[in-house]
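The primary structure of each chain is shown beneath.
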Amino acid sequence: MMSFNYFILIIFYLFILSGCNNKEVRKPINFKNDSFLKESAKKNKKIISYEQKLIQKAIKNDSSYNFKKSKSGFWYAYKNKTDKLKPKTGDKVTFNYFIQDLDKNILYEEKLDTITYYVDKEELLPGIRKAIKILNEGEIAVFLFPSYLCYGYQGDGEKIGINQPLRFTINLISINKNNQLWTI
């Protein structure tokens, strides 16, 4: 006489074996169309091209500075240059800045507030993060940023518009070197 456990074991094996027969692969209901990504890339290239033309016009209209192009896609010119220290990752820097549109209309002025920032350890606008790293202690420089390094396609909802390139004047007041190793 077959035991009940033996009977359950046979049914279990039959159940497993019946599930192993070849199944037909289902075709996806929706197929991906990459036209959205292509159109988005095309639109972004047009925006960047237009912004670069605006920046070139601003450079041409401001002959008092000798602007240089950075590897990151922004332009900069020094108001005053020093031979002091450059900040490195983890250094504590203090700076202030003000923001203008490319026609030099002041949008925001943060000169009264000194900002403390740990280089590459805190969130900050991408343009300012990159700008801080090329300044020496005590330097003031003018930066012309395309919108993707500032407030991008959203603007700030107040004074800065959608896809608006901006002019920042940044004063790197001091650098406190970090002698400790940072852990991430």
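Residues numbered from 1 in each chain as written. Predicted model: local features only at pLDDT ≥ 70, side-chain atom pairs only at ≥ 80, totals over all residues. Heavy atoms only, no water.

Relative to the 39 Å expected for 27 residues at 1.5 Å per residue, helix H2 (residues 35–61) spans 39 Å between its end C-alpha atoms, a close match to the ideal helical length. Among all positions of H2, only Glu51, Gln52, Ile55, Ala58 and Ile59 are buried. Where the residues of H2 are buried, they touch strand E2 (75–80) and strand E6 (140–145). (Helix = DSSP H or I, 4+ residues; strand = E, 2+ residues; numbered from the N terminus. Expected span 1.5 Å × (residues − 1). Buried < 20%, exposed > 50% of the residue type's maximum accessible area, 1.4 Å probe, protein only. Contact = heavy atoms within 4.5 Å.)

Another point: the environment of Asn44. Along the chain, the position of Asn44 falls in helix H2. Asn44 sits 104 residues away from Tyr148 along the chain, and the two C-alpha atoms are 9.7 Å apart.

Bringing the confidence of the model for the protein chain into the picture now. Mean pLDDT over the protein chain stands at 86; residues scoring 70 or higher make up 88%. Within the protein chain, the lowest mean pLDDT, 75, falls on helix H1 (residues 4–18), and the highest, 97, falls on E6. (pLDDT = per-residue confidence, 0-100.)

Within the secondary structure, Asp83 is located in the loop between E2 and strand E3 (92–100). Residue classification places Asp83 among the exposed positions, given a relative accessible area of 80%. Residues Asp83 and Leu135, 52 residues apart in the sequence, show an inter-C-alpha distance of 10.0 Å.

Our next topic: the pairing of strand E4 (residues 106–109). The pairing of E3 with E4 spans three bridges and is antiparallel. Within E4, the position partnered with Gln100 by the bridge is Ile106. Where E3 folds back onto E4 in an antiparallel hairpin, the turn is made up of five residues, including Lys104, whose phi is positive at roughly 70°. (Pairing = 2+ DSSP bridges.)

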